[in-house]
Amino acid sequence: DATIAGEFGRIMDWADKYRTMKVRTNADTPEDARKAAELGAEGIGLCRTEHMFFGEGRIDAFREMICAETEEEREKALEKVLPYQQGDFEKLYEALEGHPVTIRFLDPPLHEFVPTEEEDIKKLAEAQGKSVEKIKEIIDSLHEFNPMMGHRGCRLAVTYPEIAKMQTKAVIRAAINVQKAHPGWKVQPEIMIPLVGDVKELKYVKKFVVETADAEIAAAGSDLEYEVGTMIEIPRAALTADEIAAEADFFCFGTNDLTQMTYGFSRDDAGKFLDAYYDAKIFENDPFAKLDQDGVGKLMKMAIDLGKPVNPKLHVGICGEHGGDPSSVEFCNKLGLDYVSCSPFRVPIARLAAAQAAIAQKKN
Ligand code: PEP
Ligand code: MG
């Protein structure tokens, strides 16, 4: 327990004196966020908003949104989700007491949210005033053979801007409220657009995100500041990072997807054959656990080298699983990342690894 006074706490304090990289956490519940803050997290580097939609009350409304056929129907359904989402974000800002909070907009394929039970399909049909057959037809139309390379990430924001607009309203309204309640804090929302592979996608989404956010801020007479950035998790984003940096306040490396797409290994199935790779001594490590510095790492370096000269204020972090692995943290330190973000219980390890990396770098 890194929060208790004592030797472990002292080591952590010592580590913090040496490290230059910040350590944030990946958290999407107030409990995780609080735990991570107790363990020394200096912000949220990744809030995956998708889990929030499964909460009671909102999943029905969200399913109505997915199975809507007009923009009007979709907006009506999303209006019901908005107060929940705003409450989610308020609790996260509260837990981090004014440290930056990066909120990643909805990422997974929509079909993950549709009902599978006959009873739920019936309920949805009734709520929508549609036939069960119609709902089933809509659900079938969402099926994809390669969902991880399909209709997800910023592609959802392009096809359903209403979702991103709702999330923007929730991010900004929550921040304004928490800022008002705690005038001593500087609530710092960072809106993160996932799965960008082309700057045109980011530009397209950013336009209505900024319009929505600015309208909210003006209506509240607030001076809240926010940022809009992107994940770098598709190789093409790293290869064209100069163009993307011109539109982004920050980059965050999503090395789970970046590893998947750079190797062409499915992140959900790789374990099945990777064992044979270790046996055959082709690989020593699982590239999803330890950052592949020769390939994925090269893309990260390229993204920074291309992005920083275009936007010197660009801040850069990592929020893939590698953010809590000591050797990967050391590599991130070498690349000059501003922060690593990892799961709450890995925060102390990351603090220590960041200090060791800083000391090793000084020596060399
Ligand atoms: C990633 O791809 O590395 C990432 C952090 O996002 P997710 O794991 O949610 O795809
Ligand atoms: Mg990802």
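Residues numbered from 1 in each chain as written. Chains lettered and ligands numbered in written order. Predicted model: local features only at pLDDT ≥ 70, side-chain atom pairs only at ≥ 80, totals over all residues.

**Student:** I'd like to hear about the overall build of the protein chain, residue by residue, with values.
**Tutor:** Helices and strands together make up the secondary structure of the protein chain, namely 16 helices and eight strands. What you see for the protein chain is a C-alpha radius of gyration of 21 Å, in line with the 21 Å of a compact globule of 364 residues. Taken along its principal axes, the extent of the C-alpha atoms in the protein chain is 70 × 55 × 40 Å. Each of the 364 residues in the protein chain was classed as buried or not, and the buried ones make up 46%. Taking the intrachain contacts of the protein chain between residues at least 6 apart in sequence as the baseline, contacts between residues at least 24 apart amount to 72%. (Helix = DSSP H or I, 4+ residues; strand = E, 2+ residues; numbered from the N terminus. Rg over C-alpha atoms; globule rule 2.2 N^0.38 Å. Buried ≥ 20, exposed ≤ 12 C-beta atoms within 10 Å, placed from the backbone. Contact = placed C-beta atoms within 7 Å.)

**Student:** Tell me about the environment of Leu-258, and name the residues and values.
**Tutor:** Structurally, Leu-258 can be placed in helix H12 (residues 255-263). For Leu-258, a count of 28 C-beta atoms within 10 Å translates into the label buried. Considering only alpha carbons, one finds Leu-258 and Gly-320, 62 residues apart in sequence, at a separation of 8.8 Å. When neighbours within four sequence positions are excluded, Leu-258 is seen to be in contact with Ile-232, Glu-233, Phe-253, Val-296, Leu-299 and Gly-320.

**Student:** Describe the packing of helix H3 (residues 58-66) against helix H4 (residues 71-96), naming the residues involved and giving the relevant values.
**Tutor:** At their nearest, the axes of H3 and H4 sit 8 Å apart, and the two run at 155 degrees to each other. In this view, H3 runs roughly antiparallel relative to H4, as classed from their interaxial angle. Handedness of the H3/H4 crossing: left-handed. Contacts between H3 and H4 pair Arg-58, Ala-61, Phe-62, Glu-64 and Met-65 from the former with Arg-74, Ala-77, Leu-78, Lys-80, Val-81 and Tyr-84 from the latter. (Axes fitted to C-alpha atoms, helices over the stretch in contact; angles between N-to-C directions. Parallel < 35°, antiparallel > 145°, perpendicular 65-115°, else oblique. Left-handed = near helix turned anticlockwise from the far one by under 90°.)

**Student:** Now, about unusual backbone geometry: what can you tell me, with residues and values included?
**Tutor:** Of note in this structure, Leu-195 is not a glycine but carries a positive phi near 55 degrees. As for its position among the elements, Leu-195 is in the loop between strand S4 (188-193) and helix H9 (199-219). For Lys-281, which is not glycine, the phi torsion reads 60 degrees and is therefore positive. Assignment of secondary structure puts Lys-281 in the loop between helix H13 (271-279) and helix H14 (296-310).

**Student:** Break down the nonpolar core for me, citing the residues and quoting the values.
**Tutor:** Ranked by internal contacts, the top residues of the largest apolar core, which has 101 residues, are Leu-92, Tyr-93, Ala-175, Ile-232, Phe-251, Val-340 and Ala-354. If you tally residues by element for this core, the top one is helix H8 (residues 161-181), at 10 residues. Setting aside residues no more than four positions away along its own chain, Ala-354 makes contact with Arg-19, Met-21, Val-23, Val-329, Asn-333 and Val-340. (Core = buried A, V, L, I, M, F, W, Y, C linked by C-beta atoms within 7 Å.)

**Student:** Summarise the pairing of strand S6 (residues 250-253); cite the residues concerned and give the values.
**Tutor:** Every second residue of S6 is oriented toward a common face, with Phe-250 and Cys-252 on one face and Phe-251 and Phe-253 on the other, all of them buried. The pairing of strand S5 (residues 227-232) with S6 spans three bridges and is classified as parallel. Bridging from a neighbouring strand, Ile-232 pairs with Phe-253 of S6. Across four bridges, S6 lies against strand S7 (residues 315-318) in parallel orientation. (Pairing = 2+ DSSP bridges.)

**Student:** Pulling in residues and values, what's your account of the environment of His-322?
**Tutor:** Inspection of the secondary structure puts His-322 in the loop between S7 and helix H15 (326-335). Taking the C-beta count within 10 Å as the criterion, His-322 has 27 such neighbours and is therefore assigned buried. Spatially, the C-alpha atoms of His-322 and Asp-292 are 9.7 Å apart, while their sequence positions differ by 30 residues. Contacts of His-322, omitting those with residues within four sequence positions, involve Thr-255, Leu-291 and Ser-328.

**Student:** Lay out the site of ligand 1 with the relevant residues and their values.
**Tutor:** With respect to spatial proximity, the complete set of residues near ligand 1 consists of Leu-46, Arg-48, Asp-107, Glu-233, Gly-254, Thr-255, Asn-256, Asp-257, Cys-319 and Gly-320. Elements with a contribution of two residues or more to the shell around ligand 1: strand S2 (44-48) and H12. At three residues, H12 tops the list of elements feeding residues into the shell around ligand 1. Split by residue class, the shell around ligand 1 holds two nonpolar, four polar and four charged. (Near = placed C-beta within 6 Å. Nonpolar A, V, L, I, M, F, W, Y, C, P; charged D, E, K, R; others polar.)

**Student:** Mind laying out the sheet that holds S6, listing which residues take part and the relevant values?
**Tutor:** Pairing in this closed barrel of eight strands is parallel, and the strands run S1-S2-S3-S4-S5-S6-S7-S8 around the ring. Across the sheet, the mean angle separating the axes of adjacent strands is 25 degrees when strand polarity is ignored. Taken together, the five bridges between strand S3 (residues 100-104) and S4 define a ladder with parallel strand orientation. In the sheet register, Val-101 faces S4, and the bridge partner there is Pro-189. Along the sheet face, H4 touches S2 and S3 and points at about 150 degrees away from the line of S3.

**Student:** Requested: an account of H4, with residues and values cited.
**Tutor:** Look at H4: 35 Å from first C-alpha to last across 26 residues, which is about the 38 Å you get at 1.5 Å a residue. In the structure, H4 departs most strongly from a straight axis at Val-81, where the bend amounts to approximately 35 degrees and where the proline Pro-83 lies between one and four residues downstream. Immediately beyond the C-terminal end of H4, within one or two residues, lies Glu-97, with a positive phi of roughly 45 degrees. (Expected span 1.5 Å × (residues − 1). Bend = angle between axes of the 7 residues up to and from the residue.)

**Student:** Just give me the short version of the environment of Thr-259, but keep the residues and values in it.
**Tutor:** By the secondary structure assignment, Thr-259 is in helix H12. Judged by local crowding, Thr-259 falls into the buried class, with 26 C-beta atoms found within 10 Å. Separated by 156 residues in the primary sequence, Thr-259 and Ile-103 place their C-alpha atoms 22 Å from one another. Excluding residues within four positions of it along the chain, Thr-259 makes contact with Arg-267, Pro-287, Phe-288, Asp-292 and Val-296.

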